Structures are given as C-alpha cells and as structure tokens.
Amino acid sequence: MKTFISIVFMSLFLLAGCGKQASKEAPGNQTAVATPPPAPWSILKEHIGGYIDDSLFFAQPEVTEGLKAVLGPDYANLRSDWNVVSPMNMSNNIITITGCKHDACDKSMWMLFMNTTNNIINVYHLTPKILYIYEGKELMGLPKSMNESLDQHKRNFHIEKTEVKKI
C-alpha cells in the first residue's frame with residue numbers, strides 16, 4: 001500500500017510540474033504583436049504616375065465600396081467598360097484615373113476622382129454630348145491640372161448637357 005501511495009504522490013507531483021511547464025509555453029500566454037492593416041489608399045498611392053492592374057485596383061475596399069456607393073446600379077456599367085486605363089495621377093490628395101472600353105473610348109469614358117483625405121469619390125462618365133457626374137458625399141473641387149484634363153475630354157466628347165446624379 002505504501003508503494004501505491006508513493007506512486008500516486010509521485011505521479012501527482014510530476015503532473016503538477018508538467019502542467020506548470022506546459023502553461024509557460026502555451027501559445028495563448030505569448031504576447032502577439034499585431035500587424036496594423038495598411039492605411040486606406042496606400043496601395044493606390046504606390047502606383048501614382050504609373051498603371052495599376054485592374055484586379056489590384058478593384059480589390060481595394062476603399063475603391064470598390066466607394067464606387068458602389070456612388071454609382072449604385074451603374075457600377076456594373078463602369079466595370080464592363082473598364083478595359084483601357086490611364087496612369088494614375090495625384091494632386092492635393094486627389095487621385096485620378098481614367099478608364100474606357102477597348103476600341104470604344106470615344107463612346108464612353110469614366111474619370112474617377114478620389115479624395116484620399118476626406119474619403120470622397122466623384123465619378124464623371126463622358127458620353128457623346130452628355131456628361132454624367134456622380135457626386136457621392138459631395139462634389140469636390142478639382143485641382144487645376146485635373147480640371148484642365150476634364151475640360152479637354154469634355155471638348156472631345158462635344159458635351160452639351162451635364163446631369164448630376166446622387167445615389
């Protein structure tokens with residue numbers, strides 16, 4: 001009986017010691033260092049002055065969610081037309097990029113203006129004679145260089161009428 005009690009006592013002692021050792025090495029007790037998520041618009045800012053792959057551009061939540069909110073059901077039209085793009089530019093924290101359907105840029109062109117400070121997106125859809133402006137939260141003022149580019153496209157499309165859409 002003494003042998004049995006000795007074995008039980010030793011077993012308890014060993015198990016108690018093992019439990020303490022295991023708890024020191026358990027992953028739940030380690031302090032995890034959280035990696036902060038990328039800042040909004042950071043991926044796009046890396047491509048200023050160059051081209052960005054459509055799959056990367058539309059994978060950005062600030063772009064996709066923002067465009068869906070601004071365009072509503074017309075988001076599908078933008079996506080179906082978005083084949084040929086211009087390099088992205090940035091001025092006064094506003095990113096701009098232009099896209100159109102291959103071999104049909106003279107029939108439908110989309111200009112996106114994204115304010116990275118205020119998270120505002122405006123979309124200009126140029127079609128022959130009609131400019132559709134989707135203003136989102138508000139219609140932002142554009143820097144001079146972007147206004148000049150927009151004016152040139154308006155002349156090319158012979159814009160006679162402008163319709164502002166707010167979804």
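Above: the structure in question.
Residues numbered from 1 in each chain as written. Predicted model: local features only at pLDDT ≥ 70, side-chain atom pairs only at ≥ 80, totals over all residues. Heavy atoms only, no water.

Below, the discussion takes up the pattern of salt bridges. One pass over the structure, following the stated rule, counts six salt bridges. Among the salt bridges present, the one from glutamate 135 reaches lysine 166, with a minimum N-O distance of 3.5 Å. With glutamate 135 in the loop between strand 6 (130–134) and helix 6 (144–156) and lysine 166 in the segment after strand 7 (161–165), the pair connects residues that are 31 residues apart, well separated along the chain. (Salt bridge = Lys/Arg side-chain N within 4 Å of Asp/Glu carboxyl O. Helix = DSSP H or I, 4+ residues; strand = E, 2+ residues; numbered from the N terminus.)

Residue position: lysine 68 is located in helix 4 (residues 61–71). Along the primary structure lysine 68 and glycine 136 are separated by 68 residues, whereas in three dimensions their C-alpha atoms are 9.9 Å apart.

A separate point is unusual backbone geometry. In most cases, non-glycine residues show a negative phi, while peptide bonds are predominantly trans. A positive phi angle, close to 65°, is found at asparagine 93, a residue other than glycine. Its location among the elements puts asparagine 93 in the loop between strand 2 (89–91) and strand 3 (94–100). A relative accessible area of 37% places asparagine 93 in the partly exposed class. For histidine 158, which is not glycine, the phi torsion reads 50° and is therefore positive. (Buried < 20%, exposed > 50% of the residue type's maximum accessible area, 1.4 Å probe, protein only.)

We now examine helix 6. With 13 residues, helix 6 extends 18 Å between its outermost C-alpha atoms, agreeing within 8% with the 18 Å of an ideal straight helix rising 1.5 Å per residue. Those residues of helix 6 that fall on the buried side of the exposure criterion are Met146, Leu150 and His153. One side of helix 6 holds all its buried residues, which, seen down the axis, span an arc of 60°. Among the exposed residues of helix 6, those pointing more than 90 degrees away from its buried face are Lys144 and Arg155. Of the surrounding secondary structure, the elements contacted by the buried residues of helix 6 are strand 2, strand 3, strand 4 (109–115) and strand 5 (120–127). (Expected span 1.5 Å × (residues − 1). Arc of directions from axis to C-beta. Contact = heavy atoms within 4.5 Å.)

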